[in-house]
Amino acid sequence: MECVLAMKFAIGMALALSLGACSNNSGGNGAIFKAALAELFPKMIDTGANAKPAKAPVLTRAAVEASGAALIRIKLETENARSTLQGVSENGGYVTHISRFGQTITLRGGLVTASRGLGFDLLAVEAASTDPVITAIPLADWPDEVTRVYHFPAQGPTGLLVPVTCRYAPGERLEIEIVEITYSGQQVEEICSGADVSFVNDLFVIPETGMIWRSLQWLGPEQGRLDLTVIEPFTP
């Protein structure tokens, strides 16, 4: 057990230190970045067979800014545990974030397009670049509806494909606080339906820019919705 825990910690630190590819500043791999990582993720306490993580400190805006990293926080709607994930790779607009437990979330803009390690995997999502959850545009310019195809594991070469059409229903104005910053935005319901499925995504949108800072997004019929907060967005 001690060896396994040591290996997990080493892998996690290696991934964290590789964040230069997603860093918002060129000094990400320096001493400041490493110090920030110590605040973002608790260190492993080595107590032999009973090794366990220390209690996670409260995340501060100073630590976020010092890290220079893309950061998100996630929680399954049906659970209370939250995880903070750091961006580790970007490929053609798809940014993959990883937690210290090895969970991964891939975002294309604000849309979750893949998940691993949460229970039931979302393999991919096909969507047009004009999808307003992918490309931020002012809320007044959002289309009446969009189409997507969700991909899930299943028998057969194509797996399970779930096509849906989504339309939007703007709601009330509200404010939310994300790690010491208060954002004023608007709730938008994304109402999606297909041949055998229907679900609602809740989005917190800045109307003037279309930036989505928090959302509850459907990850499949088995997984349900993911509560996702953007702490620090990826900056190319």
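The preceding data block contains the structure.
What comes next is a walk through the structure. (Residues numbered from 1 in each chain as written. Predicted model: local features only at pLDDT ≥ 70, side-chain atom pairs only at ≥ 80, totals over all residues. Heavy atoms only, no water.)

1. Structural notes on the state of the cysteines
By the definition in use, this model includes 1 disulfide. At a sulfur-sulfur separation of 2.1 Å, the disulfide partner of cysteine 166 is cysteine 192. One quick way to see it: the torsion about the S-S bond of cysteine 166 and cysteine 192 is about 110°, and its sign makes the bridge right-handed. In this pair, cysteine 166 sits in strand 10 (residues 160–178) while cysteine 192 sits in strand 11 (residues 181–193), placing the two residues 26 residues apart along the sequence. (Disulfide = S-S within 2.5 Å. Helix = DSSP H or I, 4+ residues; strand = E, 2+ residues; numbered from the N terminus.)

2. A short note on unusual backbone geometry
Of note, the phi angle at valine 179 is positive, near 45°, even though the residue is not glycine. Among the secondary structure elements, valine 179 is positioned in the loop between strand 10 and strand 11. With a relative accessible area of 9%, valine 179 lands in the buried category. (Buried < 20%, exposed > 50% of the residue type's maximum accessible area, 1.4 Å probe, protein only.)

3. Concerning the nonpolar core
Ile105, Tyr150, Leu226 and Leu228 are the most contacted members of the largest nonpolar core, which totals 48 residues. With 6 residues, strand 10 is the single largest residue contributor to this core. Non-local contacts of isoleucine 105, meaning those with residues more than four positions away in its chain, are made with Ile72, Ile74, Leu85, Val95, Thr96, His97, Val112, Ala114, Ser115, Leu118, Leu226 and Leu228. (Core = buried A, V, L, I, M, F, W, Y, C linked by side-chain atoms within 4.5 Å. Contact = heavy atoms within 4.5 Å.)

4. What about the sheet that holds strand 5 (residues 94–98)?
As summarised here, the arrangement of the 12 strands in space is 7-6-5-4-3-14-13-12-11-10-9-8, forming an open sheet in which the pairing is antiparallel. Edge strands, defined here as strands with exactly one partner in the open sheet, are strand 7 (111–116) and strand 8 (124–127). For this sheet, the mean angle separating the axes of adjacent strands, direction not counted, is 30°. (Pairing = 2+ DSSP bridges. Axes fitted to C-alpha atoms, helices over the stretch in contact; angles between N-to-C directions.)

5. Details of the packing of aromatic side chains
For any two aromatic rings, the description comes down to two numbers: the centre-to-centre distance and the angle of the planes. Here the structure, examined in full by the defined rule, presents 7 aromatic pairs. Both rings, one in tyrosine 150 and one in phenylalanine 152, keep their centres 6.5 Å apart while their planes meet at 10°; by these two values the pair is stacked. By way of ring pairs, the aromatic residues Tyr150, Phe152, Phe199 and Trp218 are connected into one cluster. (Phe/Tyr/Trp six-rings, centres within 6.5 Å; stacked < 30°, edge-to-face > 60°.)

6. Here's the deal with the environment of tryptophan 142
Topologically, tryptophan 142 is positioned in the loop between strand 8 and strand 9 (145–152). A C-alpha to C-alpha distance of 8.4 Å links tryptophan 142 and aspartate 131, two positions 11 residues apart in sequence. Residues contacting tryptophan 142, with those up to four places away along its chain left out, are Pro132, Ile137, Tyr168, Val188, Leu203, Val205, Gly210 and Ile212. A polar atom in the side chain of tryptophan 142 sits 2.9 Å from the backbone oxygen of isoleucine 137. (Polar contact = N/O pair within 3.5 Å; in protein donor to acceptor, adjacent residues only side chain to side chain.)

7. Side note on the pairing of strand 4 (residues 83–91)
Judged from the 4 bridges that link them, strand 3 (residues 71–76) and strand 4 form a sheet pairing that is antiparallel. Among the inter-strand pairings, isoleucine 74 is bridged to a residue of strand 4, identified as serine 83. In this structure, the hairpin formed by strand 3 and strand 4 is closed by a connection of 6 residues. Sheet analysis places strand 4 next to strand 5, joined by 5 bridges and oriented antiparallel. Opposite glutamine 86, over in strand 5, you have isoleucine 98 as the bridge partner. What sits between the antiparallel neighbours strand 4 and strand 5 is a turn of 2 residues, in which glycine 92 has the positive phi angle 60°.

8. Considerations on the pairing of strand 11
By the bridge criterion, 12 bridges tie strand 10 to strand 11 in an arrangement that is antiparallel. The residue of strand 11 that forms the bridge with threonine 165 is serine 193. Remark: 2 residues form the turn of the hairpin made by strand 10 and strand 11, two consecutive strands paired antiparallel; valine 179 in that turn has positive phi of roughly 45°. Judged from the 8 bridges that link them, strand 11 and strand 12 (residues 198–205) form a sheet pairing that is antiparallel. Counterpart to serine 193 in the pairing with strand 12 is serine 198. Hairpin remark: strand 11 followed by strand 12, antiparallel, with 4 residues in the connecting loop.

9. With respect to the pattern of salt bridges
Applying the stated rule across the entire model yields 6 salt bridges. In this structure, the salt-bridge partner of glutamate 190 is arginine 148, at a minimum N-O distance of 2.6 Å. Here glutamate 190 is found in strand 11, whereas its partner arginine 148 is found in strand 9, with 42 residues between them in sequence. In this pair, the class of glutamate 190 matches that of arginine 148, namely buried. Among the charged side chains, a salt-bridge network with shared partners connects Glu77, Asp202 and Arg225. (Salt bridge = Lys/Arg side-chain N within 4 Å of Asp/Glu carboxyl O.)

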